[in-house]
Amino acid sequence: MDRASSSVSATSSVFAFVEEFGRTYHAYKEGEGKYFMPNDIPEQERLDLQHSIALRLFGSLALAPIKDPKRVLDIGTGTGIWAIEFATEHPESEVLGTDLSPIQPDYVPPNCHFEIDDVEDEWVFSTPFDFIHSRYMIGAIRDFSKTFASCYANLVPGGWIEFQDYYAEFQCVDDSMRGTALERWNNLLVDGMAKMGKNGRAVAKFKRQMVEAGFVDVVETKFALPGNPWAKGREEKVLGTMQMTNILDGLHGMTVQLFVKMHGWSVEEVEVFLVDVRKDLKDRNIHFYYIMMSVYGRKPE
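Nothing here was measured: the structure is a model prediction, and the numbers come from that model. Counting restarts for each chain, with residues numbered from 1 along the sequence as it is written. Restriction of local features to residues with pLDDT of at least 70 applies here, the model being predicted, together with a cutoff of 80 or more for giving and counting side-chain atom pairs; totals for whole chains, interfaces and linings are based on all residues. Hydrogens and water are ignored here; the side-chain numbers use all heavy atoms of the structure.

S.K.: When you look at the pattern of salt bridges in this model, what are you seeing that I'm missing?
M.R.: Side-chain pairs of opposite charge can arise where the charged atoms are in close proximity. What makes a salt bridge here is a side-chain nitrogen of Lys or Arg within 4 Å of a carboxyl oxygen of Asp or Glu, nothing more. One pass over the structure, following the stated rule, counts five salt bridges. One salt bridge in this structure joins Glu212 and Arg208, with 3.0 Å as the shortest N-O distance. With Glu212 and Arg208 both in helix 5 (residues 206-213) and four residues apart, the pair spans about one turn of that helix. The shortest N-O distance in the salt bridge between Arg298 and Asp217 comes to 2.7 Å. Only DSSP runs of H or I covering at least 4 residues are called helices, and only runs of E covering at least 2 are called strands; the numbering of each starts at the N terminus.

Here it is, written out as structure tokens:
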């Protein structure tokens, strides 16, 4: 296709989702193993819950010290909830959300738009951005160094980038997770991602990679997110309950394609194994948590 402009109309094929394991998955580039999570209604509801968790944990839509950005890009926008809320809070901004799946709502603020796009393709935006945001993309992007270079090339001088993500390997304050089904599941998850060419620990390299791409004033902030309501403190228990629900709701979607295609399990073996994993996720005697990170930087003037 000759792409004379930065965008073209989507063909009907991207709306014909792939059905597998009782779930639906994105059709755009579906044969390339781009993303292993489903895109159906249960997953969309989970993504919106995950957005609420991030907002509660980070305290705002973005930590970067942005000031009235004119053009904003949200990479891997999912249901579009971040882009829609940012556009509502910043009516002076033009917000574009991109994703492999066209699952965004039709009714959005007039300054918010969505496109089907693969962030790992060559970027063909005709106008640079003032702020580029992305969240929860370790399961989708193979080469973050390349992505940060694309961001750098498509930012105005003085523009900001911010990526927020999980460190996929669970942490534990003691040895209460040792030998559990939960620990085994987490190890197999990170392993399966690696077999797909994705790095579940990629967020730990974001700061260095942004600096190597040319960004300055790079700031890395870490947050601890309890895996269930085991932690002391009201806020920690609320966050732990929300995150436990988030992972329980997404457990099947996170597991089935990876374990069947990357580890050679049967669907039945996955279902039996997840019974014990769910029990562990709810067990407040297992003191596990997630490291969540926000990393932002600025393109020099």
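S.K.: Looking at this structure, I do not really get the pairing of strand 9 (residues 288-298). What am I missing?
M.R.: As a general feature of sheets, a regular strand has side chains that alternate between the two faces. The buried fraction of strand 9 amounts to ten of the eleven residues, a majority that puts the element mostly inside the structure. Pairing between strands is defined by DSSP: at least two bridges between the two strands are required. With ten bridges joining them, strand 7 (residues 155-172) and strand 9 adopt antiparallel strand pairing. What sits directly across from Asp165, in strand 9, is Met293. The pairing of strand 8 (residues 216-226) with strand 9 spans nine bridges and is antiparallel. Its bridge partner being in strand 9, Glu220 is matched across the sheet by Val295. Each residue is placed in one exposure class: buried if its accessible area under a 1.4 Å probe, protein chains only, is under 20% of its type's maximum, exposed if it is over 50%, and partly exposed if it falls in between.

S.K.: Explain the side chain of Asn154 to me, please; I cannot follow it from the model alone.
M.R.: Tracing the chain through its elements places Asn154 in the loop between helix 3 (144-153) and strand 7. Among the residues examined, Asn154 registers a relative accessible area of 11% and is labelled buried. Polar contacts, as used here, are pairs of N or O atoms within 3.5 Å; protein pairs need one atom able to donate a hydrogen and one able to accept it. Residues neighboring in sequence count only if both atoms are side-chain atoms. Looking at Asn154, its side chain comes within polar contact range of the main-chain oxygen of Ser150, at 2.8 Å. We call two residues contacting when some pair of their heavy atoms lies within 4.5 Å. Excluding residues that lie within four positions of it along the chain, Asn154 makes contacts with Trp123, Phe125, Pro128, Phe129 and Ile132.

S.K.: Quick question: what am I supposed to make of helix 7 (residues 267-282) here?
M.R.: In an α-helix, one turn spans 3.6 residues, which is why side chains three or four residues apart end up on the same side. For helix 7, spanning 16 residues, the distance from its first C-alpha to its last is 23 Å, which sits close to the expected 22 Å at 1.5 Å a residue. Values of bend correspond, residue by residue, to the angle between axes fitted over the seven residues ending at that residue and the seven starting there. Where helix 7 bends most, the angle comes to about 25°, and this point is Leu274. Inspection of helix 7 places Val270, Phe273, Leu274, Val277, Asp280 and Leu281 among the buried residues, and these make up the whole buried set. In the core, the buried residues of helix 7 are packed alongside helix 4 (181-195), helix 6 (234-262) and strand 9. Between the first and last residue of a helix there are one fewer steps than residues, each counted as 1.5 Å, and that sum is the expected span.

S.K.: Could you clarify how one ought to interpret the environment of Lys299 in this entry?
M.R.: Within the secondary structure layout, Lys299 lies in the segment after strand 9. Judged by relative accessible area, Lys299 falls into the buried class, the value being 13%. As for Lys299 and Gly158, which are separated by 141 residues in sequence, their C-alpha atoms are 5.0 Å apart. Lys299 has contacts with Tyr152, Ala153, Leu155, Val156, Pro157, Gly158, Gly159 and Phe215, leaving out every residue within four places of it along the chain. A distance of 2.9 Å separates the side chain of Lys299 from the backbone oxygen of Leu155, its partner in a polar contact.

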